[in-house]
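# Chain and residue survey
Below are the chains, spelled out letter by letter.
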Amino acid sequence: MIVAQMGKAPAMDYLAAMRAFVRSVDLGSFSRAAAEAGVKVSTVSRYVSWLEMDLGAALLNRSTRSLHLTEAGRLFYERTAQILADVQDARSSTTSLNARAQGLLRINIPSAFGRQHVMPHMKDFLAAYPDIRLDATLTDATVDLIETGADVAVRIGALVDSTLVARKLAAQRRILVASPDYLGARPSPQGPADLIHHECLLFALQPTGAWYYRPVGDPASEPIEIALNGHLRANDSEALRDAALSGLGIALLPTWLIGAEVRERRLVPVLPDREWLIAPGPDRAIWAVYPPKKVVSPKVKAFLAFLSQRFGQPPYWELP
């Protein structure tokens, strides 16, 4: 709303007054302009009188049958008509931009997950939305979306308190795995307590040096902590996967990272009748997060819908 505070005129919607004046001139009367706008004739008349008071000049010579522009009115009409046309053009352009998926889409995605499960699908995404240009940043750092101007980020794990809007794309599950060579060289664990006798490959970024388990299908039960032994720690899940593949021990890894290896039997699930966690706490998942806005842009909606459809429920990396 444009509010004028000039002269002695009362505060009023300047844009509405300009529109009432221009349409009165175009249609030749206050009554036709009022009918078009769905307001009273007195409202249109009051708008025009207010403009004249604000400008300190008569804009119209009124008669019972017609309206005639004064010299000042003609100048104001020409400029005002152009301003209103520019406003309408700006609205139309913005509405058009927001009506279909187009423009530059800036995304942040975790490095390993992005390489395996986002970037391989972007050829199909861009083919489906040819008016979108994609700027992808692969990083394991938690990026400030508003500060960096990013439209959306994929984050994995438990969400921290944030003003961002979150949408769950898929579950985040971890399973114990080891190579057939490793399991063939020693007795397989028959229960969680047996892990103390095995080489456990630890994720250096987990909160403690322990793993946690609970019965499958019982998310309300309290996770039980289990002590571990092992000679290798790493701060990278891909490195732990490679260590497990080489027969160095048992690793607790996300299913999105090792789905292919498990299907090909290069890694074998260990104690699959339990749900395994690297830490107790709130729901862990694969999330899309984006800044809160009254209207979510079509390009962000398209990206989220595409990933949700492509991942599936359950996600494709957990299919046999």
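This text gives an overview of the structure that appears in the document. (Residues numbered from 1 in each chain as written. Predicted model: local features only at pLDDT ≥ 70, side-chain atom pairs only at ≥ 80, totals over all residues. Heavy atoms only, no water.)

## A look at the nonpolar core
Operational definition: What makes a nonpolar core is a set of buried Ala, Val, Leu, Ile, Met, Phe, Trp, Tyr and Cys residues whose side-chain atoms join them at distances within 4.5 Å. The buried label goes to any residue with under 20% of its type's maximum accessible area, the exposed label to any with over 50%, and the partly exposed label to all in between, with areas taken from a 1.4 Å probe on protein chains only. Per the convention used, a helix needs a DSSP run of H or I reaching at least four residues, while a strand needs a run of E reaching at least two, with both numbered from the N terminus. The contact criterion used is simple: two residues touch if any of their non-hydrogen atoms lie within 4.5 Å.
Ranked by internal contacts, the top residues of the largest apolar core, which has 57 residues, are L176, L195, W211, W276 and F303. The biggest single contributor to this core is helix α11 (residues 298-311), with seven residues. If sequence neighbours within four positions are ignored, L176 has contacts with L195, W211, I250, A251, L252, V268, P269, V270, L271 and W276. F21, Y47, L60 and F76 belong to the second largest nonpolar core, which has 22 residues in total.

## Re the packing of aromatic side chains
We apply this condition: When two rings of Phe, Tyr or Trp (its six-membered ring) have centres within 6.5 Å they constitute a pair, described as stacked for plane angles under 30 degrees, edge-to-face for angles over 60, and tilted for the intermediate range. Charges are assigned to positions over rings by a cutoff of 6 Å between ring centre and Lys NZ or Arg CZ, combined with an angular limit of 35 degrees from the ring normal.
As enumerated under the stated definition, the model contains 13 aromatic pairs in all. Here F21 and Y77 contribute two aromatic rings whose centre-to-centre distance is 6.4 Å and whose plane-to-plane angle is 75 degrees, an arrangement assigned as edge-to-face. Of this pair, F21 sits in helix α1 (residues 14-27) while Y77 is found in helix α4 (residues 71-97), placing the two residues 56 residues apart along the sequence. Grouping residues by exposure puts F21 and Y77 together as buried. A connected cluster of aromatic rings, assembled from ring pairs, spans F113, W256, F311, Y316 and W317. In this structure, R174 packs its charged tip against the face of F203, placed 5.9 Å from the ring centre. Taking NZ or CZ as reference, R186 lies 3.9 Å from the ring centre of Y182, over its face.

## Concerning the packing of α1 against helix α3 (residues 41-55)
Applicable threshold: The axes are straight lines fitted to the C-alpha atoms, using for helices just the contacting stretch, and the angles between their N-to-C directions are given from 0 to 180°. To sort the angles, those under 35 degrees are grouped as roughly parallel, those over 145 as roughly antiparallel, those from 65 to 115 as roughly perpendicular, and the leftovers as oblique. Here the term charged refers only to Asp, Glu, Lys and Arg, the term nonpolar to Ala, Val, Leu, Ile, Met, Phe, Trp, Tyr, Cys and Pro, and the term polar to all other amino acids, Gly among them.
Put simply, α1 and α3 touch, their axes get as near as 9 Å, and they point 110 degrees apart. Relative to α3, the element α1 lies roughly perpendicular. Of the residues in α3, those touching α1 at Y14, A16, A17, M18, A20, F21 and S24 are V44, Y47, V48, W50, L51, D54 and L55. For the contact of α1 with α3, a count of residues per class yields 12 nonpolar, one polar and one charged.

## With respect to helix α5 (residues 111-118)
For α5, the tally of buried residues reaches six of eight residues, placing the bulk of the element in the interior. Listed in full, the buried residues belonging to α5 are S111, A112, F113, G114, H117 and V118.

## Quick look at the pattern of salt bridges
Going by this rule: By definition, a salt bridge exists where a carboxyl oxygen of Asp or Glu is found within 4 Å of a side-chain nitrogen of Lys or Arg.
In total, this model carries 13 salt bridges according to the counting rule given. Between E275 and R214 there is a salt bridge; the shortest N-O distance is 3.1 Å. One end of the pair, E275, is in strand β14 (residues 274-277); the other, R214, is in strand β9 (residues 211-215), and 61 residues separate them in sequence. The class of E275 is partly exposed, set by a relative accessible area of 26%. Judged by its relative accessible area of 12%, R214 is buried. Taken together, the shared-partner salt bridges connect R23, D26 and E36 into one network.

## As for the sheet that holds strand β15 (residues 285-290)
Let me state the cut-off plainly: At least two bridges found by DSSP between two strands are what make those strands a pair.
Pairing in this open sheet of five strands is mixed, and the strands run β4-β3-β5-β15-β6 from one edge to the other. Two strands lie at the open edges of the sheet, namely β4 (132-138) and β6 (165-171), each paired on one side alone. Adjacent strand axes in the sheet meet at a mean angle of 25 degrees when their direction is disregarded.

## Brief notes about helix α9 (residues 237-245)
Going by this rule: Polar contact is the term for a pair of N or O atoms within 3.5 Å; when the atoms are in protein, one must be able to donate a hydrogen and the other to accept it, and sequence-neighboring residues count only if both atoms are side-chain atoms.
Listed as buried for α9 are S237, E238, L240, R241, A243 and A244. Contact partners of the buried residues in α9: α5, β8 (200-203), β11 (233-234), β12 (250-254) and α10 (255-263). Of the residues flanking the start of α9, the one acting as N-cap is D236, its side-chain oxygen 3.0 Å from the backbone nitrogen of E238. Just downstream of α9, G247 is the residue with a positive phi angle, here 90 degrees.

## A short note on the pairing of β8
Going residue by residue along β8, you find C200 and L202 tucked away on one face and L201 and F203 tucked away on the opposite face as well. As defined by bridge partners, β8 adjoins β12 across two bridges and the pair is classed as parallel. Bridging across to β12, C200 finds its partner in I250. The pairing of β8 with β11 spans two bridges and is classified as parallel. Note that in β11 the partner of F203 across the bridge is A234.

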